[in-house]
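Single-letter residue listing:
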Amino acid sequence: MSMAPDAARRITALLRCVAIDHRIGPLLVLNAPPGLLTEMARSLTMLMSVIHAAKPETVIAGSWLSEDDLWARLRFSGGRFRMAPGILIESGTPPIVMVPDLARTGTAVIRAAVTVLGADIATAERHGRSDAWQPRARWLAAADRDTLSGLSPHLLDRFPVRVDAADVPSGDLAVPPIGHLTADWPEITEDAMAEALRTAGSGMRLTLALARTARSLARLSSAFTTTAVHVRQAAEILGLITAVPEPEAEPAEFGDDTVDSASTEVPAAPVSARAPTTRTFVEAGEPDEPVAVEAAAVVGLYPEIGPEALPEITPLRNPWATTTLRRELRGARTGTERTRTHFDLAPVPTLLEAAKHRRGRTPGGPLEIRPEDWRRYRHGWTPGKLLVLVLDHTCRRGWDWIPTLAPYLQWAYTERAAVSVIDLGHEAAADGLRAERYRAASVRDPRILRSLRHTPGRATPLASGIEIAVQELLRHLRRSRVHTDRAWLVVATDGRGNVPLSASARGTVVPPVGRQGIDDALSAAATVRPLRGLRSVVAAPEIGTYATLPFELADALGGTVIATSETR
Amino acid sequence: MTATSVPILPYTMVVGQDELKRALEIAYVAPEVKGVLATGHRGTAKSTTVRAFAKMVLKDLPVTLPIGATDDRILGGWNVEELLRGDHSTRDGLLLQAHKEGGGLLYIDEVNLLDDYLVNIILDAAAGEVLPIEREGIDEQNVQVKFTLIGTMNPEEGNLRPQLLDRFGLVATITEDQRPDTRLQILRNVLAFDAEQQGSPSAEIQAARKADDALGEKLKAARETAKTLSCSDDILKLCATISWTFRAAGHRGELSIANAARAVAAIDGDTEVRPPHVAEVTPMALVHRRAPADTGGILPWTPDDAGKLATLITAT
């Protein structure tokens, strides 16, 4: 089966450009058919083998890799242990890094991508090893178009060069080899730079990728300068504009190094600046404006900038807290202890223990590690459950909230959950415009009972309270090394926040306030929706006026409402 | 490859980034400022600016703490390679390297992605400026570590922990400059730099390197001058009043303003610290100290804030 000609032509053209200039950046292929990425890696290996003295190695950055695999690995060879560089460390010919599915790959890989791609220099400091290198690896990644909007925009920003391979039935690429290249790179003209800026829209990474692709095209065609024509050709290859053949156009003459030599059905723009183009380039959006990227977003190349995008919250943080983490790994490391298994082995303490006995065991010989030397990490006890309680005391006038909140407090008691309480709108607050938070090791903390009985105040900084609750949840569910597999967010409120977030932060209210306090609370609440392991509930008094506000808040949180009419 | 041999765009060719550049220069001239955080959206050349600055003033890249670093490399410990060979020696960690070899600069890219337990180590070391190394059989007390912390982050990935945010004396908020002339100049400079790496020497790059040398010398001289400058009582009172008016948490706000104003006076060649110096540095010194301590958020500096500050400065 052969590839759709247009996609094949654009992919092969990009591979040829990337082979000669790593600065263009990684290639992200959307909806790639099985085998296409492997075929691209094989073709790129062939192209790079001509340019570099040695054949580049292809490494797979899969979901199973840890930070140790990427940066520094313990290896046993020649009868002894040694620390070896991880798969992303570059010391000779830059490797080809394949990411089979960007959406499913592990946090270690996406953190690596964010720090390495596009960087002037990369560094690794792990387990006694220090490495610094100029990243020149060629990254090839695949992703399903529908998954892009859920990925980190920060990560996707590192992948400005994208090709849609949706119509490609299989990955049978025919990449023409790179012929003789002149030593000099063609200088880029002012017109070409202006064209790149006009075409790429606002992002500088895409603009640079476009200009660099154009320059590579010019070099591949042995042009003396990189012109606006090359930029338009590059833009067409990147999917930013479309090339429409003129009815009366003569077939273009292609030399050995034309971009579309793999294509027979849709002639592409000729590459050589010496031969004037016979194609008309039409931007995907409205003419005369730098709308190419926005138009491309519509067709799906950049969905993360669209309004529907809902990326996972802080996806680049190490997911210490996942339900797959074994119980033995929970809690901060508090020391080491002897072990009889390899599980959670502490390598350095193990080696140190062996080193202590070396002279007695093998005088002058190699370091011998015996089972009695094995040490594992000792972990502290930590709660696995969390209750975040937001108490809006201004809604409590005439409402006894204890019966409503009791089930959650009982749950926290029986589960030995950690409790974070956020008080707002009470008379004894140090600052009435801000919510206050304290952490309790358990629900038995006497401060919690005091909180439940505070006298209502006047201002209701609900947005401030929700914002603090969000940070508290992030701290436990995303940032902590502590494993929390279930968290409840319980917000006791009528939803009538009257202090905007900016007023809470600045300590002064600038009228008119209007709905701002409510809208700020809803915006802050919406950020917790993607958090895994969280259940949210809004406990509200049954009131006639503004009765929809608790439901709006629950909708934003992705939770439910419990409305009660218990009176004191 | 060593960090020294990695080519970096000359500092004077970094277009825009005025606030970050000024903050870096201030923190270099007055290390008492303690650190600079650059926060801004993706693709705004934050890291390039920091590295270019370090290359200019240190002739080397800063000691860099990558987000995947292990604690043995941060604190120091046994030389693992030697240990595995059967030999024994210790190796300095990055904190100590920054103090000894890195001109006092410690750079953390994507600082808000740093694991919490690593943040704790840095906070402890930064707080006391002393690093007691008591681990794995190593016992070294009272090791002095003084460093200027430079961090870059993308706020889309979450806020910085408030305790760490507080350690940065200045915060530069980076926004993408969309002016056509600026964007064209960025493109021109980056492509000229590319061309030089590809073997086409550029007169502009050579001129920029000379300009870097001159600016580096100027900042070095300013660093010496700053040691001789002090803030008058009136200036100190102004710093405290500003900090109180903007409800800055703690007392680091006024200290940062005073130290940064001293640096600005030295860079500008003034013989005394004056209210305009204070006015210039206040937004950078206070922008991250006004949000509630629980959130680690950074409130933007608004025209209202600028007006309030101008009133205080005028009243001096």
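The rules behind these values
- Residues numbered from 1 in each chain as written.
- Chains lettered and ligands numbered in written order.
- Predicted model: local features only at pLDDT ≥ 70, side-chain atom pairs only at ≥ 80, totals over all residues.
- Helix = DSSP H or I, 4+ residues; strand = E, 2+ residues; numbered from the N terminus.
- Buried ≥ 20, exposed ≤ 12 C-beta atoms within 10 Å, placed from the backbone.
- Contact = placed C-beta atoms within 7 Å.
- Rg over C-alpha atoms; globule rule 2.2 N^0.38 Å.
- Pairing = 2+ DSSP bridges.
- Axes fitted to C-alpha atoms, helices over the stretch in contact; angles between N-to-C directions.
- Nonpolar A, V, L, I, M, F, W, Y, C, P; charged D, E, K, R; others polar.
- Parallel < 35°, antiparallel > 145°, perpendicular 65-115°, else oblique.
- pLDDT = per-residue confidence, 0-100.
- Core = buried A, V, L, I, M, F, W, Y, C linked by C-beta atoms within 7 Å.
- Left-handed = near helix turned anticlockwise from the far one by under 90°.

Draft legend 1. Fine view of the overall build of chain A. Across its full length, chain A carries 18 helices and 21 strands. Counting across all 568 residues of chain A, residues that qualify as buried make up 49%. Considering only contacts within chain A whose residues lie at least 6 apart along the sequence, 77% involve residues at least 24 apart.

Draft legend 2. Structural detail: the overall build of chain B. Scanning chain B for helices and strands turns up 13 helices and nine strands. Taking 2.2 N^0.38 as the reference for a compact globule, 316 residues should give roughly 20 Å; the C-alpha atoms of chain B span a radius of gyration of 20 Å, in line with that estimate. On the principal axes, the C-alpha backbone points of chain B span a range of 70 × 50 × 40 Å. Here chain B holds 316 residues, and 51% of them are scored as buried.

Draft legend 3. Structural detail: the environment of A417 of chain A. With respect to the secondary-structure elements, A417 of chain A resides in the loop between α13 (402–414) and β17 (418–424). Accessibility expressed as a C-beta count within 10 Å gives 25 for A417 of chain A, which makes it buried.

Draft legend 4. Focus on the sheet that holds strand β5 (residues 96–99) of chain A. Residue and element names in this part refer to chain A. Read across the open sheet, the five strands follow the order β2-β5-β8-β1-β9; overall the sheet is parallel. With one partner strand each, in any of the chains shown, β2 (58–60) and β9 (161–164) form the two edges of the open sheet. Across this sheet, the average inter-strand angle for adjacent strands is 20°, counted without regard to direction. Bridging between strand β1 (residues 27–30) and β9 involves four bridges; their strand directions are parallel. In the strand pairing of β9, L27 is matched with V161.

Draft legend 5. Quick look at the interface of chain B and chain A. Taken together, the 62 residues of chain B in the interface contact 68 residues of chain A. Where the side of chain B that touches chain A is concerned, the elements lending two or more residues are α2 (46–58), α3 (71–75), α4 (80–85), α6 (116–128) and α8 (180–197) of chain B. When residues in the side of chain B that touches chain A are grouped by element, the largest group, 10 residues, is from α8 of chain B. A breakdown of the residues in the side of chain B that touches chain A according to their chemical character gives 25 nonpolar, 18 polar and 19 charged.

Draft legend 6. Looking closely at the sheet that holds β17 of chain A. Residues and elements named next belong to chain A. Taken in spatial order, the six strands line up as β18-β17-β16-β19-β20-β21 in an open sheet, and their pairing is mixed. Pairing within the sheet leaves two strands with one partner each, and these edge strands are β18 (436–440) and β21 (560–564). On average, adjacent strands in this sheet sit at an angle of 15° to one another, irrespective of strand direction. As paired elements, strand β16 (residues 385–392) and β17 share seven bridges and run parallel to each other. Opposite V390, over in β17, you have I422 as the bridge partner. Sheet contacts for α13: β16, β17, β19 (486–492), β20 (534–541) and β21; angle to β19, the most-contacted strand, approximately 155°.

Draft legend 7. Spotlight on the packing of helix α1 (residues 18–29) of chain B against helix α11 (residues 252–267) of chain B. Residues and elements named next belong to chain B. For the pair α1 and α11, the least separation of the axes is 9 Å and the interaxial angle reads 95°. One way to sum up the angle between α1 and α11 is to call them roughly perpendicular. Listed contacts from α11 to E25, I26 and V29 of α1 are A260, A263, V264, A266 and I267. For the contact of α1 with α11, the per-class residue count stands at seven nonpolar, no polar and one charged.

Draft legend 8. Focus on the confidence of the model for chain A. Residue and element names in this part refer to chain A. This prediction gives chain A a mean pLDDT of 80; 79% of its residues lie at or above 70. When pLDDT is averaged over each helix and strand of chain A, the minimum, 50, is found for strand β13 (residues 279–283) and the maximum, 96, for β5. Every residue in residues 248–279 is under pLDDT 50, and counting partners more than four places away or in other chains gives 73 contacts. Residue range residues 283–291 is modelled with pLDDT below 50. Its contacts to residues more than four positions away, or to other chains, number 20 contacts.

Draft legend 9. Structural context of the nonpolar core. Core analysis: the largest hydrophobic core is formed by 182 residues, its most contacted members being L210 of chain A together with I26, L95, L106, L170, A260 and A261 of chain B. For this core, the element with the highest residue contribution is helix α8 (residues 204–220) of chain A, accounting for 10 residues. Setting aside anything within four residues of it in sequence, one finds L210 of chain A in contact with A196, T199, A200, V231, A234, A235 and L238 of chain A.

Draft legend 10. Molecular detail of the environment of G432 of chain A. Residue and element names in this part refer to chain A. Mapped onto the secondary structure, G432 falls in the loop between β17 and β18. By the C-beta count within 10 Å, which is 18 here, G432 ends up partly exposed. Separated by 373 residues in the primary sequence, G432 and V59 have C-alpha atoms spaced 57 Å apart. Those residues within four positions of G432 in sequence are excluded, and the remaining contacts are G457, R458 and A459.

Draft legend 11. Summary view of helix α4 (residues 107–116) of chain A. All names here are of chain A. Among the 10 residues of α4, nine are classified as buried, and the element is accordingly described as predominantly covered. Tucked inside the fold, the buried residues of α4 contact α3 (67–71), β5, β6 (122–126) and α6 (153–156). A positive backbone phi angle near 80° is found at G118, which sits one or two residues after α4.

Draft legend 12. Here's a closer look at the packing of helix α7 (residues 190–200) of chain A against helix α9 (residues 228–237) of chain A. Residues and elements named next belong to chain A. At a minimum axis separation of 7 Å, α7 and α9 run at an interaxial angle of 30°. In terms of orientation, α7 and α9 fall into the roughly parallel class. Here α7 and α9 pass one another in a crossing that is right-handed. Taken together, the residues of α9 that come into contact with α7 (itself represented by D191, A192, E195, A196 and T199) are A228, H230, V231, R232 and A235. Split by residue class, the contact of α7 with α9 holds five nonpolar, two polar and three charged.

Draft legend 13. How the structure looks around unusual backbone geometry. Between P511 of chain A and P512 of chain A the backbone carries a cis peptide bond, its omega angle lying at 0°. Inspection of the secondary structure puts P512 of chain A in the loop between α16 (501–506) and α17 (516–526). Within the chain, H127 of chain A stands out as a residue other than glycine whose phi angle is a positive 45°. Note on placement: H127 of chain A falls in the loop between β6 and β7 (129–133). C-beta crowding within 10 Å serves as the criterion here: with 20 such atoms nearby, H127 of chain A is assigned to the buried category. Residues other than glycine seldom take positive phi values, yet Q17 of chain B does so here, at roughly 60°. Relative to the assigned elements, Q17 of chain B resides in the segment before α1. Classification of Q17 of chain B by C-beta neighbours within 10 Å gives buried; the count is 24.

Draft legend 14. Local environment of the environment of L83 of chain B. Mapped onto the elements, L83 of chain B comes out in helix α4. What makes L83 of chain B buried here is the crowd of 22 C-beta atoms within 10 Å. Distance in space between the C-alpha atoms of L83 of chain B and T49 of chain B is 38 Å, their sequence separation being 34 residues. Not counting residues up to four positions away in its chain, the partners in contact with L83 of chain B are L351 and A355 of chain A together with W78 and H88 of chain B.

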